[in-house]
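# Coordinates in review
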Amino acid sequence: MLKRTLLATAALGLGLAFAGGANAMDKVKACFVYVGPVGDGGWTFQHDQGRLDVIAAFGDKVDASTFQENVPEGADAERVLTQMALGGCNIIFTTSFGYMDATNAVAAKFPDVKFEHATGYKRDSANVSTYNARFYEGRAVTGTIAGRMTKSNKIGYIGSFPIPEVIQGINASFIHAKKVNPDVTMSIVWAYTWFDPAKEADAAKALIEQGVDVILQHTDSTAPLAEAAKTPGVIGFGQASDMAEYKPSPRVSAIIDNWGPYYVERIGALLDGTYEQKDTWAGIGGGEVKIGDITEAVPAEVKAEAEALAASIGDGSYHPFTGPLNKQDGSPWLADGVVANDGELAGMMFYVEGIVGDIPQ
Amino acid sequence: MIRLEKRPLPSQFWQVATPIVAVIMTMFAGGLMFATLGKNPIEVIRTIFWDPLFGEFAWYLRGQLMVKAGPLILIAIGLSLGFRAGIWNIGAEGQYIMGAICGAAVGLAVFPTENRLIFPVMIVAGAFGGWAWAMIPAILKTRFNTNEILVSLMLVYVAQSILAMAALGFLRNPEGSGFPGSRNFSSYPAAANPEIIAGSGLHWGGVFALITAGLLYILLQRHILGFQIKLAGQAPRAARFHGVVPEKLVVLCMGLSGALAGLAGLFEVTGPAGQISIDFNAGYGFTAIIVAFLGRLNPLGIVLAGLLMALTYIGGEMAATNLGLPSAAVQAFQGMLLFFLLAIDVMSNYRLRLKSTAAKMLGVK
């Protein structure tokens, strides 16, 4: 009897020790790897805003002062990650798709360090989590504004690389522009870069010369907006960041990446011992995607329509990819009322019906 | 008044002293820049130059030095040959990319066959890719007298576009659900280029770099071809009398530098980088130009210069992460190195003469 009690107590003690020692942490060092400069005004800037949110939320309990900008994807990323892991980081956020293999390789060597990889799909070891945002939800909203605002019925889209995430955005924009303006056509230019102001400006110029008067972009610089500003009547949208300096026109609204809540949640989980590996893909509802202020250049009824759409996506009552929808070649994709599943979206490599042109292969 | 006076012979002393003085002046000017950024200059300089070699994590970082220096040395040695002969291949970055694509394509084409011959064949294909890409400016120069600087540089951007096509199209991982990038070579042993000794950072690229440095040193010192290359650069007319055919020299130097750059690309993509991705190239082809000059276009000098450059990269990274230095400041620091090098290089061919105003006045009188 006594023996059994002793054993039970020991087991309980052991359990408590595990719960306390192995999981909850008193202080977390969070580190960030950026693909661009913090001053890019777009993608990396927004991730860094998320880092600052972490500092504001936890104060002394979290050291989030370590970050490295302009880290090339590939061998250099692996070294930077290793240095960070050796340097005592407890959780490392790698904020570009190209860090995927490096993140998983280093994570395998440092099982005690948590790795969070943005926009990837590989979680080879238990300490790798992935996160992404449903940018296509925002695209549906800007697509609606684009369809309403165009006078030439030609809207243009500056694509970065032909990958599923970008194709989702093109399709979502087009579907919703078409919904409010059946005459709309869309021209797509591939810039093959995430951030190159000169190339992006050229792409915008080419679109404007084709008669496009609304430019949507999936590249991160403000160059397309600067180009739009030169031609009266041409409008565009902020990408990744608010790009408020181009308000009220040409920037009539924006899709804002908001990583702060996710970073705060994950680091908080690490602090209180509830951290688990997961794959997160949140959108307007989860606060990761925000629609930037719709300016007075947009008529009030269009603004109301766009805001209502954003609200319905946010509360889950509407999904931007709801049938009936056909693929570009006219073959049926989603039947009436059917909603696309995440697997289909994650691998989306086709245009919807009505878009002209081919996806470069 | 200070005047520059041409030396009858280049100064032996300054040829050796230039890189050392340039590094010291870079430390001073860089330190000034770090100080204006609000950092302790001594701490930053120590982080860049000392910590990777002798700091807490030196056991890991010393190996990384070779990872970073390997491709720089390999490319720079090839470039130095042409630079000696007055043939300016500025497009090593493009040749590096094309070598990587060709070599990787061969490996990926036979996936998942396991055979000892696969990697050697990939090496040949990588060298061929770089060589072929360098032949374009070489042949355009010899046939149509185009400027190889412009053509080779422009071809870098063409190569980058082909790289994007490869990553998104013909070399894309069929199991990557539509995402760009090829298969990762680390999961394909027959085609992978792992560390030869775990933790040393030394892979086949580093071995090749060191062997090439030795071979080219012998070539330049002992072989008639080395003599011809040096002669063509110093005295083109005399070289012609000596029987040097400039066209042949262009084709040879461009081809060799292209092949070495291609090799560097192949070793990088199969080793440290791991896969063909949209932008796996990290600018080695351009940095190698600095390395070639920092090493005085001498193969052994280049080995040292490559290691020094790698040190500024790795130390610069540490300074950026640990001290919160903007990455642009580290790049500016590396740029200063080339700037001071070229500026002080004047001293090998010219001497400073303090022409006293007294002498001038005498002349006036």
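## Here's the deal with the pairing of strand E4 (residues 114-118) of chain A
All names here are of chain A. For E4, a buried count of 5 out of 5 residues is recorded, marking the element as mostly surrounded by other parts of the structure. Of the two faces of E4, the one holding Lys114, Glu116 and Ala118 and the one holding Phe115 and His117 are both buried throughout. At this point the chain moves from strand E3 (residues 91-94), through helix H4 (residues 100-109), to the parallel E4, and the crossover so formed is right-handed. Pairing geometry for E4 and strand E5 (residues 128-133), over 4 bridges, is parallel. Within the sheet, the bridge partner assigned to His117 lies in E5 and is Thr130.

## Some details on the domain arrangement of chain B
Note: interface size is frequently given as the accessible area lost on complex formation between the parts. Residues and elements named next belong to chain B. Segmenting chain B into domains produces domain 1 (1-37 + 327-365) and domain 2 (69-325). Each of domain 1 and domain 2 was reduced to a C-alpha centroid, and the two centroids are 31 Å apart. Contact residues are listed per partner, giving 10 residues for domain 1 and 9 residues for domain 2. Of all the secondary-structure elements, those providing two or more residues to the side of domain 1 that touches domain 2 are helix H1 (12-36) and helix H14 (327-349). Residue contributions to the side of domain 1 that touches domain 2 peak at 7 residues, all from H14. For the side of domain 1 that touches domain 2, a count of residues per class yields 7 nonpolar, 3 polar and no charged.

## Brief notes about the interface of chain B and chain A
Taken together, the contact pairs 30 residues of chain B with 30 residues of chain A. At the level of secondary structure, the elements contributing two or more residues to the side of chain B that touches chain A comprise helix H4 (58-84), helix H7 (148-168), helix H13 (299-323) and H14 of chain B. A total of 4 residues in the side of chain B that touches chain A trace back to one element, the largest contributor, which is H13 of chain B. Across the side of chain B that touches chain A, the residue classes tally to 15 nonpolar, 12 polar and 3 charged.

## Comments concerning helix H8 (residues 204-222) of chain B
Residues and elements named next belong to chain B. Here H8 is 19 residues long and its end C-alpha atoms lie 27 Å apart, about the 27 Å a rise of 1.5 Å per residue gives. Along H8, the residues classified as buried are Gly205, Gly206, Phe208, Ala209, Thr212, Ala213 and Leu216. Take H8 and look down its axis: the buried residues cluster within an arc of 150 degrees, on one side only. Structural note: H8 exposes Ile211, Gly214, Ile218, Gln221 and Arg222 on the side pointing more than 90 degrees away from its buried face.

## So, the sheet that holds E3 of chain A
Residue and element names in this part refer to chain A. The strand order across the open sheet built from 6 strands is E2-E1-E3-E4-E5-E11, with neighbouring strands paired in parallel fashion. The open sheet terminates on both sides in strands that have one partner only, identified here as strand E2 (62-68) and strand E11 (279-282). Direction aside, the axes of adjacent strands within the sheet are offset by 20 degrees on average.

## Things to note about the domain arrangement of chain A
Residues and elements named next belong to chain A. Partitioning chain A into domains gives domain 1 (2-133) and domain 2 (135-256 + 290-346). Inter-centroid distance (C-alpha atoms) of domain 1 to domain 2 is 33 Å. The interface of domain 1 with domain 2 comprises 9 residues on the first partner and 11 residues on the second. If you tally residues by element for the side of domain 1 that touches domain 2, the top one is helix H2 (residues 43-58), at 3 residues. Partitioning the side of domain 1 that touches domain 2 into residue classes produces 3 nonpolar, 5 polar and 1 charged.

## What about the confidence of the model for chain B?
Residue and element names in this part refer to chain B. Averaged over all residues, the pLDDT of chain B equals 88, while 96% of them reach at least 70. Model confidence for chain B, summarised as mean pLDDT per element, is weakest for helix H15 (residues 357-364) at 52 and strongest for helix H6 (residues 118-144) at 96. Under the prediction, the complex receives an ipTM of 0.80, its pTM being 0.83.

## What to know about the sheet that holds strand E12 (residues 289-292) of chain A
Residue and element names in this part refer to chain A. Spatially, E7-E6-E8-E9-E10-E12 is the arrangement adopted by the 6 strands of the open sheet, whose pairing is mixed. Looking along the sheet, the strands with just one partner apiece sit at the ends: strand E7 (185-190) and E12. Averaged over all pairs of adjacent strands, the angle between their axes in this sheet comes to 15 degrees, without regard to strand direction.

## Examining the packing of H1 of chain B against H14 of chain B
All names here are of chain B. Relative to each other, H1 and H14 sit at 145 degrees, their axes nearing to 8 Å. The element H1 and its partner H14 pack so that their crossing is right-handed. Of the residues that constitute the contact of H1 with H14, the class distribution is 18 nonpolar, 5 polar and 1 charged.

## So, the pairing of strand E2 (residues 350-354) of chain B
Residues and elements named next belong to chain B. Counting buried residues along E2, only 0 of its 5 residues qualify, which leaves the element largely exposed. In this structure, strand E1 (residues 2-6) lies alongside E2, joined through 5 bridges in antiparallel fashion. Note on E2: the bridge partner recorded for Glu5 is Arg351.

## Overview of the environment of Ser327 of chain B
Within the secondary structure layout, Ser327 of chain B lies in helix H14. You can call Ser327 of chain B buried: it has 20 C-beta atoms within 10 Å. With 10 residues separating them along the chain, Ser327 of chain B and Glu317 of chain B place their C-alpha atoms 7.7 Å apart. The contact partners of Ser327 of chain B, leaving out residues within four places of it in the chain, are Pro37, Glu69 and Asn70 of chain A together with Ala320 of chain B.

## Quick word on the environment of Leu307 of chain B
Residue and element names in this part refer to chain B. With respect to the helices and strands, Leu307 occurs in helix H13. Residue Leu307 is classed as partly exposed on the basis of its C-beta count, with 19 C-beta atoms lying within 10 Å. Taking the C-alpha atoms as reference, Leu307 lies 14 Å from Gly205; in sequence the two are 102 residues apart. Those residues in contact with Leu307 that lie beyond four places of it in its chain are Leu65 and Ala69.

What counts as what
- Residues numbered from 1 in each chain as written.
- Chains lettered and ligands numbered in written order.
- Predicted model: local features only at pLDDT ≥ 70, side-chain atom pairs only at ≥ 80, totals over all residues.
- Buried ≥ 20, exposed ≤ 12 C-beta atoms within 10 Å, placed from the backbone.
- Helix = DSSP H or I, 4+ residues; strand = E, 2+ residues; numbered from the N terminus.
- Right-handed = clockwise from strand over helix to strand, strands pointing away.
- Pairing = 2+ DSSP bridges.
- Domains from an automatic or database assignment.
- Contact = placed C-beta atoms within 7 Å.
- Nonpolar A, V, L, I, M, F, W, Y, C, P; charged D, E, K, R; others polar.
- Expected span 1.5 Å × (residues − 1).
- Arc of directions from axis to C-beta.
- Axes fitted to C-alpha atoms, helices over the stretch in contact; angles between N-to-C directions.
- pLDDT = per-residue confidence, 0-100.
- Left-handed = near helix turned anticlockwise from the far one by under 90°.

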